[in-house]
Amino acid sequence: MGAFLVLSAACSPALAQSQGSTDPAQITLPDAPIPSPEMEDTALTVFPHSETSRFYIAGQANIIFQAHGPFHSPYEGTNSLLARGEYKPSLLGTLYLGAQLRRDPKTETDAIFNLESAGGRGLSEALGLAGFTNLDVVRNPTLGSVPYMARAQLHQTIGFTDKMVESTRTPFSLATQVPERRLEFYVGKMSLPDYLDINSIGSDSHLQFMKTRSGPHATPSR
């Protein structure tokens, strides 16, 4: 199994003057805000990750508590949202492990392993809503607290140039510098939303909205 992604971007000059208008207030766009150094240095981790170690270790715990009161439901069935009031907590624990088997940036090889434990339940056993409100229980409502393997992958980089660019270290790619032109392969057990359909609003239910189409970080069912 392999993946090859090519990204291209095109820029066009800003419109300097709108047709039939001479009012600068109507054609001047505000400057984009400049992040402060304090914002850039803020990490979403309790303990900072090493940028030089061959190994990567990260953990996460996601606890969601949801409840609803009783409501009128004359057509309630087996798979309906229960009309009686209920509350349910869910707990998802995640352990990410990674190791650089080969550290040459042009031929980087990473081994990635992810262990998870999914406890608790969703409202009405995650039934009755077309777009459920807790992705951590939608993945598989029958998962228990027994740990299971969520991901096990090999990540191989093949570089086509000696020019290197900076890269942010993640649980899925441990290199901090990568070739500007390269081919990357991910082989093993994975979750496609880790690499596809990524956006800043609804890709990770642990840091963004709890209700997303897919989510570390959406994990495949056991």
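Counting from 1, residues in each chain are numbered in the order their sequence is written. Only residues with pLDDT of 70 or above have their local features reported here, since the model is predicted, and side-chain atom pairs are shown and tallied only from 80 upward, although totals for entire chains, interfaces and linings are computed over all residues. To get the side-chain values, take all heavy atoms of the structure and skip hydrogens and water.

Turning next to the pattern of salt bridges. Definition used for salt bridges: Asp or Glu carboxyl oxygen within 4 Å of a side-chain nitrogen of Lys or Arg. Scanning the model with the defined rule gives eight salt bridges in all. As a salt-bridge pair, Asp 104 and Arg 102 come within 4.0 Å of each other at their nearest N and O atoms. Residue Asp 104 is classed as partly exposed on the basis of its relative accessible area of 34%. Ionic pairing is found between Glu 125 and Arg 121, a salt bridge with its closest N-O pair at 3.3 Å. Partly exposed residues are those whose accessible area sits between 20% and 50% of the maximum for their type, while under 20% is buried and over 50% is exposed, using a 1.4 Å probe and protein chains only. Looking at Glu 125, the relative accessible area reads 33%, which means it is partly exposed. For Arg 121, a relative accessible area of 30% gives the class partly exposed. It is possible to trace a salt-bridge network through shared partners that takes in Glu 86, Lys 88, Arg 121 and Glu 125.

Counting from the N terminus, the helices are the DSSP runs of H or I reaching at least four residues and the strands are the DSSP runs of E reaching at least two. Secondary-structure assignment places His 206 in the segment after strand S7 (182-189). It is 9.1 Å that separates the C-alpha atoms of His 206 and Ile 63, two residues lying 143 residues apart in sequence.

To continue, consider the environment of Gln 153. Looking at where Gln 153 falls in the secondary structure, it is placed in strand S4 (residues 148-159). Expressed as a C-alpha distance, the spacing of Gln 153 and Met 190, which sit 37 residues apart in the sequence, is 7.0 Å. Should any heavy atoms of two residues lie within 4.5 Å, those residues are counted as being in contact. Once residues lying within four places of it in the same chain are set aside, the contact partners of Gln 153 are Asp 110, Ala 111, Ile 112, Tyr 186, Val 187, Gly 188, Lys 189, Met 190 and Tyr 195. Distance and chemistry together define a polar contact, namely a pair of N or O atoms within 3.5 Å, with one atom able to donate a hydrogen and the other to accept it when in protein, and with adjacent residues in sequence counting only for side-chain atoms on both sides. Within polar-contact distance, the side chain of Gln 153 engages the backbone oxygen of Lys 189 at 3.5 Å.

Another point: the sheet that holds S7. Strand pairs in the sheet, formed through backbone hydrogen bonds, run parallel or antiparallel to each other. Strand pairing follows a simple DSSP-based rule, namely that at least 2 bridges must link the two strands. Taken together, the five strands give an open sheet; going across it, the order is S1-S2-S3-S4-S7, and neighbouring strands pair in antiparallel fashion. Each having just a single partner strand, strand S1 (55-68) and S7 make up the two edges of the open sheet. Each strand axis lies, on average, 15° off the axis of its neighbour in the sheet, ignoring direction. Here S4 runs beside S7; their pairing, made up of eight bridges, is antiparallel. Orientation is described by lines fitted to C-alpha atoms, with helices fitted over the stretch in contact, and by angles between N-to-C directions that extend from 0 to 180 degrees.

Next up on the list: the packing of aromatic side chains. For Phe, Tyr and Trp, rings pair up if their centres lie within 6.5 Å, where Trp contributes its six-membered ring, and each pair is then called stacked (planes under 30 degrees apart), edge-to-face (over 60) or tilted (otherwise). Per the stated rule, a full pass over the model turns up two aromatic pairs. Between Phe 65 and Tyr 87 the ring centres are 5.9 Å apart and the planes differ by 35°, which places this aromatic pair in the tilted class. Here Phe 65, found in strand S1, pairs with Tyr 87, found in strand S2 (residues 86-102); they are 22 residues apart in sequence, far enough to count as distant. Owing to a relative accessible area of 58%, Tyr 87 belongs among the exposed residues under this scheme. Where Tyr 96 meets Phe 172, the ring centres are 6.0 Å apart and the plane angle is 90°; that geometry is what we call edge-to-face. Residue Tyr 96 is found in strand S2, and its partner Phe 172 is found in the loop between strand S5 (164-166) and strand S6 (177-179); the two are separated by 76 residues along the sequence. We classify Tyr 96 as buried; its relative accessible area is 4%.

What follows concerns unusual backbone geometry. Most peptide bonds are trans, and most residues other than glycine sit at a negative phi. For Glu 125, which is not a glycine, the phi torsion comes out positive at approximately 55°. Its place among the elements puts Glu 125 in the loop between strand S3 (109-120) and helix H3 (135-138). One non-glycine residue with positive phi stands out, namely Ala 126, at about 60°. Structurally, Ala 126 can be placed in the loop between S3 and H3.

To continue, consider the confidence of the model for the chain. Confidence scores labelled pLDDT are given residue by residue by the predictor and lie between 0 and 100. Of all residues in the chain, 72% have pLDDT values of 70 or greater, and the mean over the chain is 77. Low pLDDT (under 50) marks residues 1-21, which in the prediction has 17 contacts with non-local residues, meaning those over four places away or in another chain. Across residues 37-41, confidence stays below pLDDT 50; counting only partners more than four residues off in sequence or on other chains, it has one contact.

What follows covers the nonpolar core. Remark: nonpolar core denotes a set of buried residues (Ala, Val, Leu, Ile, Met, Phe, Trp, Tyr, Cys) joined through side-chain atoms within 4.5 Å. Core analysis: the largest hydrophobic core is formed by eight residues, namely Tyr 56, Ala 58, Tyr 96, Ile 112, Phe 172, Leu 174, Tyr 186 and Met 190. Counting residues in each nonpolar core, the second largest holds five residues, with Leu 81, Leu 123, Ala 126 and Phe 132 among its members.

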